[in-house]
Every structure is written in structure tokens, then in C-alpha cells.
Amino acid sequence: MLRLTDITLARGARILLKGASVTVFPGHRVGLVGANGAGKSSLFALVLGELHQDAGEVELPARWVISHVAQELIDARRDALDFVMDGDTELREVEGAIRDAESAHEEGEKAALLHARYDEIGGYSARSRAQALMSGLGFGPEAEARPVASFSGGWRMRLNLARALMCRSDLLLLDEPTNHLDLDAVLWLEDWLRAYPGALLLITHDREFLDSVVGSIVHVDSQKLTTYAGNYSAFERQRAERLAQQQAAHEKQQRTRAHLQAFIDRFRAKATKARQAQSRIKALEKLEDIAEAHVDSPFTFAFREPPVKPKLLFRVAEADVGYDGKAVVSGIEWSVYIGEAIGLLGPNGAGKSTLLKTIVGDLEPVSGTIIRSPDLRIGYFAQHQVEKLRLEESAMWHVARLAPGVREQELRDFLGGFDFRGDQVFQRVADFSGGEKARLALALIVWERPNLLVLDEPTNHLDIEMREALAQALQDFEGTLIVVAHDRHLLEATTDQWWLVADGRVAPFDGDLDDYREWSRQYRVRGAGSGEAGKGVDRKAQKRAEAEVRQKLAEAKKPFEKKIAGIEKELAALLPEKESLDAWLASGEAYGDAMRAELAERSRRHGEVAARIARLEEDWLWASAEMEAAVNRARE
């Protein structure tokens, strides 16, 4: 297992972790969450040996193979397929040894052992394994022979991800793996990770991805690592309960402090009460400070009402869209009205972004027409909009350019809603992180009060709090929304109809995102170009298949559910007792002279309860991991 014990980790003068501990068991899938800058990526660097702890101990089995996604390409001249296969280093070493043996005309036991090892590690199926990884991440067969250097930055990151997955690792570290993926690739990666047999540490701001993949959450906060059983939704519930209890304990402690201080201030100078006052001073000093709980989002923005709201925003009539006179999507008939909230679905390369660029006017249709309302006001977010920001200028300069004559304080207040505060509003955009640039680009769109929002992957580089704030703002938006995104939480929270772009057509999709997951799987199996994109899913057949799957999964879970329920029942009884003991031990009442015997007894009980809770949580994690493994086997 991976065990970090009492870790202190500093970057320069800033302490990221202090006395932090966490354990990751074989086969466990753990999500790492926390505010930007809390130390999540530094924790990865610590595990990889790229950083060294200032105190504490990192324990890792010597034989464990660790895989992670490189930030730079090692050899961009390699063909893509060979580059991905290079991720299995032992495979390449054995292949090299076999070549050396053959060139030296060696035969006998050594050659037999090498070929046997090659077979054991799946050498004869390695090429097809690499091809499956590339296909799942959106690469077509023609991409396999292309040199890595010929791909754009986003596609190179996909190749790096495929290379990391190719490694037969014991521990896989993934830092924002979905950032450069479309929805289909995210769904495929989700399935792949659920079947991955090793331990997984995952950093992502995609809450649906976390919910689907991980079995526990480690929260990086206040220089500590706190483990929560369950997925991200369970973490949110547990953390809300813990914060409510922390706030109650904080308020009670403040009352105790005030009471002790009042006694000290009143009687300190009186000879008859001096001894009691000294006792209160010692009790006050012993109180361990309980911080006030707060989880307020730093984002407080909303889309203002559009100044005009025409009924029909645009109509696409018998249009083909594409590049250089070549149609990617053909025969489009589409009318979009005010108040609609549309999510575009479809495989990578099907033409979703091309369609959006044509709608906003960045591309002309190959044929046909687009009739736009004269009152149409478009707010368009795409990666190239972020790249259009003036790097040498500030956030204030960008907004002021759109709002001549508006007071600086009003602009400051507006930017503050996107968490640009204080002197940061005058900082160069060149010094911003990717998330900060995306937030600024969104802020500029919000300021202009559009009646049509066209968003192409708006959540890349945004943290969970900003994604949630964006989803809430879009729910209240009074115009029309068309969005392409791999973030399912955003899609489900903000859209009420789906259109599918596939096989050169665009058509309404009758279903939800669960239906689309099944459609995507079938599409990959049958291959693109079958002309069946608009047909959706056979609902009756799907219902029967889903019922069969549910039955298999229920049978797989049954042996474990009773054990897990028993653990959860005992935890439910122990947690309130521990919280009560925590609150009592934090109070001034516990340290009076008359309470010595009770303090000893409650301290002993507190230790017993804390140890039992730790053991139960560990048992819960193991049982959950075993159940997940059984479920994954049932899915196959």
C-alpha cells in the first residue's frame, strides 16, 4: 500500500501540508479534492519522488510500478501507436532483449524464458491493446501511423494519457485527465478506470466523473489530508455535516472562552479569588482553538437580463457546414427560439464545434442559409476566445474596454464576482492560470448581456466551485443556451433538450445522458458512418438489457451489502458519541479540578471510539473495494 505518515511539505516559505497522513490500499480508487493551490499536484510530485517531504515518511512497495501522464512529450518523432506502446516499459525491454538474443543467434533456455515472459505480459496482444486505448480516446485508425509532432496540443495530451494507461501499473496518478477530452472519451475513460485493477489517485474537477470512478475522497484542506468514505456526492454530505458540527463546537467554545475570560477579568485582582482565577487562566490556555467553519463560494455572478429577446433567434435552412468547401454536417434544418436550453451530443470529430462556429458567424455555411434575427446578441465561449485575451493587459483593462464611462468600483465589484479581487484586477493576463483566463473570458461574455449563449467546452480549467457557480448562473439565464461540454453535471443542470451530431447529420436525441452513454458504446462497436446516428436507442431492447444488467449487479453486490450495512450502522452510532466527546473535551468544563476522574474516563473512551471508527472505516473501504471488483466482473 501507499502510506504517507505525518507529512510536512513546503514550497518555498509556504507550508502546503503539516502533519498530514493518508493510506491508499491496492485496488482502491481515491479522488483528491481541494482548493486550487492547496497542494494536490505537489502531493503527486511527492509520491513520484520529484519533491521530498520536510518531515514525515512516504512508504511505497519497492515493486510497485507507478504510471502518470507526462506533461511533455518524450519523443515527438515517434509514430503515435509506437509512442503509446512505449508506455509499457517492460514490454519494450523484453522486446529489446529478444532482438539482441536473435541477433546474437542465441537459442535455448534464455530465448525460451524471454518468449515466455513476453507471453506472460501480453506482448502478443500489446499492439491491439494500444489501438483500443487510442480508439477509446477518439483517435481514428489513420492516426496510428502519424508522427506525434503532427498532432495539436490537445491531441498530444490524449496520446500522453493513452501512454500512461498502456503501462501495466500498480498505482496510476491522473491529474485532470478529462480536460482535453470530449464527452465520448470521458465516458470511455470512466469505464476503463472502473475496470482498472491497480490503485488510482485522481485529481479532477468533474464531479460526475468522481462520483462514477472513485470509492473514497481525500480532501486537501488547512494543510491536512482528510479521508471520506464514498464518492464525491457522499463527501459533500459528510463534509457539510462535519462543518455544521465544527461550527456548533466553535460557537460553544467561544461562549466558554467568554465565560472564563469574564471570571478572570472580574476576580484576578482579588486575593480571595486569585487561585480560582489562575485555574481559569490555565483552563483557557488549554482550550485547543476550533476554527470557524466556512465554505462560501468565492464566485457570485449572474447573467443579467438581455436587453432584447426576439422570439426566433436564428434558423438554419437546408445548410451544409464544414471547411474549405467540404461538408462535415449536411442537410441541417434547425430553428432556435428564445428560452431554449440545448445540449449538443456526438462523437469527437462529428462536427459539433464546426456547427457552433457556423452559427456564430466564424464560418460560412458550405451551402444553404442561416437567417439570424437583427436583435441577436451572441455570447460565444471557446478555447480560441481565451487565446484572444491580451496577455500584456489586465482584467480591468479588458472589462473597461467594453464599458467606457463606468466607474472603476463598479467594474471591481463585477470582477470580484469571478474572484478577481484587490490588486489582481490590474495583474497581467500573462500571469494568470488557465482557469483564471477562462473565468475572465466568461466575465467578458456576461458583461455584454447576450440573448444567445454558445459555449464550447466552457469548463476546461475551471474548478468545482466555479463550475457550480456557472451552472447556477446558466439555470437563471433568460436567453437561449447551446452548449457542448464533457461535464455531465453542467449539461444535466442547465439543458432541457438534446441534439445529436453524428454521421454527417444533426437531429433531436430522444433520451438522457444515460441513454447517450449506451448509444456511444454501440456507436464505437459498430463504427462510425453506419448512418444510424439519428435513430437513437431501441428503448424496449434497452430496457430489457438494463434489467438484466441490474439483476447481475444486484447478485454481485449481495454478499457484501450486509457487511457494509453493518459497518455503517455501527459507525452511525459511534460518530455522534465521538462528536459529543470532542465537544466536551474542547470545553472549559472538562478541565476543572472536580472533573479529573471524569476527564480521565472520557479521554479513555474517546481513544477507544476513535480507534474503533478508524478500524470500521478501513473495513468499509476494503468491503467497498471488494464489492466494486465483483460488480466490475459482473459488467464484463
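In the block above lies the structure referred to throughout.
Every value quoted in this text rests on a predicted model; they were computed, and no experiment measured them. (Residues numbered from 1 in each chain as written. Predicted model: local features only at pLDDT ≥ 70, side-chain atom pairs only at ≥ 80, totals over all residues. Heavy atoms only, no water.)

Draft legend 1. Structural detail: unusual backbone geometry. At Gln223, a residue that is not glycine, the phi angle is positive and equals roughly 70°. Residue placement: Gln223 occurs in the loop between β8 (216-221) and β9 (224-229). (Helix = DSSP H or I, 4+ residues; strand = E, 2+ residues; numbered from the N terminus.)

Draft legend 2. Just the sheet that holds β8, in detail. Taken together, six strands build an open sheet; the order of strands is β5-β6-β7-β3-β8-β9 and the sheet is mixed. Each edge of the open sheet is held by one strand with a lone partner, namely β5 (66-68) and β9. The mean inter-strand angle of the sheet, taken between neighbouring strand axes irrespective of direction, is 20°. Of the strand pairs in this sheet, strand β6 (residues 171-175) and strand β7 (residues 199-203) are connected by five bridges, and their pairing is parallel. Paired with Leu171 across the two strands is Ala199, which belongs to β7. Relative to β6, helix α1 (residues 40-48) is tilted by about 150°, and along the sheet it contacts β3 (29-34), β5, β6, β7, β8 and β9. Where helix α7 (residues 183-195) meets the sheet, its contacts fall on β3, β6 and β7, and the angle it forms with β6 comes to roughly 155°. (Pairing = 2+ DSSP bridges. Axes fitted to C-alpha atoms, helices over the stretch in contact; angles between N-to-C directions. Contact = heavy atoms within 4.5 Å.)

Draft legend 3. Here's a closer look at empty space enclosed by the protein. All told, the structure shown has five cavities of 30 Å³ or more when counted by the stated rule. A volume near 50 Å³ is recorded for the largest cavity. For the lining of the largest cavity, the secondary structure elements donating two or more residues are α16 (464-475) and α17 (488-494). It is α16 that contributes the most residues to the lining of the largest cavity, three residues altogether. Grouping the amino acids of the lining of the largest cavity by side-chain chemistry returns two nonpolar, two polar and four charged. (1 Å grid on protein atoms, 1.4 Å probe; cavity = no way out; pocket = protein on both sides within 12 Å on 5 of 7 lines; lining within 4 Å. Points joined across faces, edges and corners; volume = space filled by probe spheres on them. Nonpolar A, V, L, I, M, F, W, Y, C, P; charged D, E, K, R; others polar.)

Draft legend 4. View of the pattern of salt bridges. Counted under the stated rule, the structure contains 35 salt bridges. Asp419 is paired through a salt bridge with Arg421; the nearest N and O atoms lie 2.9 Å apart. Among the residues examined, Asp419 registers a relative accessible area of 24% and is labelled partly exposed. The residue Arg604 makes a salt bridge to Glu601 at a minimum N-O spacing of 2.4 Å. Of this pair, Arg604 and Glu601 both sit in helix α20 (residues 596-635), separated by three residues, roughly a single helical turn. A residue is classified by how much of its surface remains accessible, and Arg604, at 41% relative accessible area, is partly exposed. Under the relative-accessibility criterion, Glu601 is labelled partly exposed at 41%. Shared partners join several salt bridges into a network, and the residues in it are Glu190, Asp191, Arg194, Arg488, Arg517, Glu518 and Arg521. (Salt bridge = Lys/Arg side-chain N within 4 Å of Asp/Glu carboxyl O. Buried < 20%, exposed > 50% of the residue type's maximum accessible area, 1.4 Å probe, protein only.)

Draft legend 5. Up close: the sheet that holds strand β1 (residues 2-11). The strand order across the open sheet built from three strands is β2-β1-β4, with neighbouring strands paired in antiparallel fashion. The outermost strands of the open sheet, each flanked by one partner alone, are β2 (14-24) and β4 (55-59). Pairwise comparison of adjacent strand axes, ignoring direction, gives a mean angle of 25° for this sheet. When β1 meets β2, the two strands line up antiparallel, connected through seven bridges. Of the residues in β2, the one forming a bridge with Ala10 is Ile15.

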